[in-house]
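Working through the structure, step by step
Spelled out, the chains give:
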Amino acid sequence: MSKYNFFAMVNRMKLIDRWALMRNTSKENIAEHSHSVAVIAHALALIGNKKFGKNYNADRAAVLALYHDTTEVITGDMPTPVKYYNDDIKNTYKEIESAAGERLLAMLPEEFHTDYKPMFEKQDCDSELWALVKAADKISALIKCVEENRMGNREFDLALKAQEEKIASIDLPEVQYFRTHFLPSYYLTLDEHTK
């Protein structure tokens, strides 16, 4: 048996469904979600650079986002209401995520550990990028709520309002630019997009 199973484990992201506590009209797995978060984090970095004089590494933001939920191939997706129910659960889950990250790193040859470690252990030098990834994660969750709501799934009504409020309260100009200029199009139908 190979001891270098890292990429095979990462490939299993497509098997971990999100939003398990809610009825979904369309399932979403963590691979799809991570792609969405990467696209948005990359966009937020570019917006920050072009519109607000920031100096983000947009490519690195995208890569961090691609891996931001990878530990869930070991832990599964813990629903947000459970994960953040109280500080004890939140801190315990962070410890579990950390152990899962260490386990995944151990599935790589030693020479690659320093390359992948920042995906699982946040480095101070990436703190601004992780803030973009966190914002992109919330935007992606809002988009999922919008999609479910547009399909008539009332299960997501409260989540939609909560996510809209979260995005509106993020104090990053690139997020507010995205919210103003790009988010409205997610509420449109295909016919409205192509008109």
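Scroll up to find the structure.
Because the structure is a prediction, the values reported are computed rather than measured. Each chain has its residues counted from 1, following the order in which its sequence is written. Local features are withheld for residues below a pLDDT of 70 in this predicted model, meaning they are given only at 70 or higher, and side-chain atom pairs are given and counted only at 80 or more; totals for whole chains, interfaces and linings count all residues. Hydrogens and waters are ignored; side-chain quantities use all the structure's heavy atoms.

1. With respect to a nonpolar patch on the surface
Side chains of Leu21, Val82, Tyr85 and Ile89 sit close together on the surface and give an oily, nonpolar patch of about 400 Å² of accessible area. Labels follow the DSSP assignment, with helices taken as runs of H or I lasting at least four residues and strands as runs of E lasting at least two, numbered in each case from the N terminus. Take leucine 21: it is sitting in the loop between helix H1 (6-11) and helix H2 (30-52). Patch membership requires more than 30% relative accessible area and the absence of a salt bridge. Residues of like charge join within 9 Å; the nonpolar side chains Val, Leu, Ile, Met, Phe, Trp and Tyr join within 5 Å. Using a 1.4 Å probe, the Shrake-Rupley method yields the accessible areas, and only the shown protein chains count as cover for residues. A pair is scored as a salt bridge if a Lys or Arg side-chain nitrogen falls within 4 Å of a carboxyl oxygen belonging to Asp or Glu.

2. Describing the nonpolar core
Only buried residues count toward a nonpolar core, which is a set of Ala, Val, Leu, Ile, Met, Phe, Trp, Tyr and Cys residues joined through side-chain atoms within 4.5 Å. Partly exposed describes any residue whose relative accessible area lies between the buried limit of under 20% and the exposed limit of over 50%, with all areas from a 1.4 Å probe on protein chains only and scaled to the type maximum. Counting residues in each nonpolar core, the largest one holds 50 residues, and the members touching the most others are Phe6, Leu44, Tyr116, Ile139 and Val175. Those elements that place two or more of their residues in this core are H1, H2, helix H3 (58-67), helix H6 (87-105), helix H7 (113-120), helix H8 (127-150), helix H9 (157-169) and helix H10 (173-181). If sequence neighbours within four positions are ignored, leucine 44 has contacts with Tyr56, Leu132, Ala135, Ala136, Ile139, Glu174, Val175 and Phe178. Contact between two residues is taken to exist if any of their heavy atoms lie within 4.5 Å; hydrogens are not considered.

3. Quick word on the packing of H3 against H8
For the pair H3 and H8, interaxial distance at closest approach is 9 Å and the crossing angle is 55°. By the criterion of interaxial angle, the relationship of H3 to H8 is oblique. Both H3 and H8 take part in a crossing whose hand is right-handed. Touching Arg60, Ala61, Leu64 and Ala65 of H3 are Leu129, Trp130 and Val133, all from H8. Throughout, the ten residues Ala, Val, Leu, Ile, Met, Phe, Trp, Tyr, Cys and Pro are labelled nonpolar, Asp, Glu, Lys and Arg are labelled charged, and all others, Gly among them, are labelled polar. For the contact of H3 with H8, the class distribution of residues is six nonpolar, no polar and one charged. Where helices are involved, their axes are fitted lines through C-alpha atoms of the stretch in contact, as for all axes, and angles between N-to-C directions lie from 0 to 180°. For classification purposes, an angle smaller than 35 degrees is called roughly parallel, one larger than 145 roughly antiparallel, one from 65 to 115 roughly perpendicular, and anything else oblique. Note on convention: near helix rotated counterclockwise from far helix by under a right angle means a left-handed crossing. Clockwise means right-handed.

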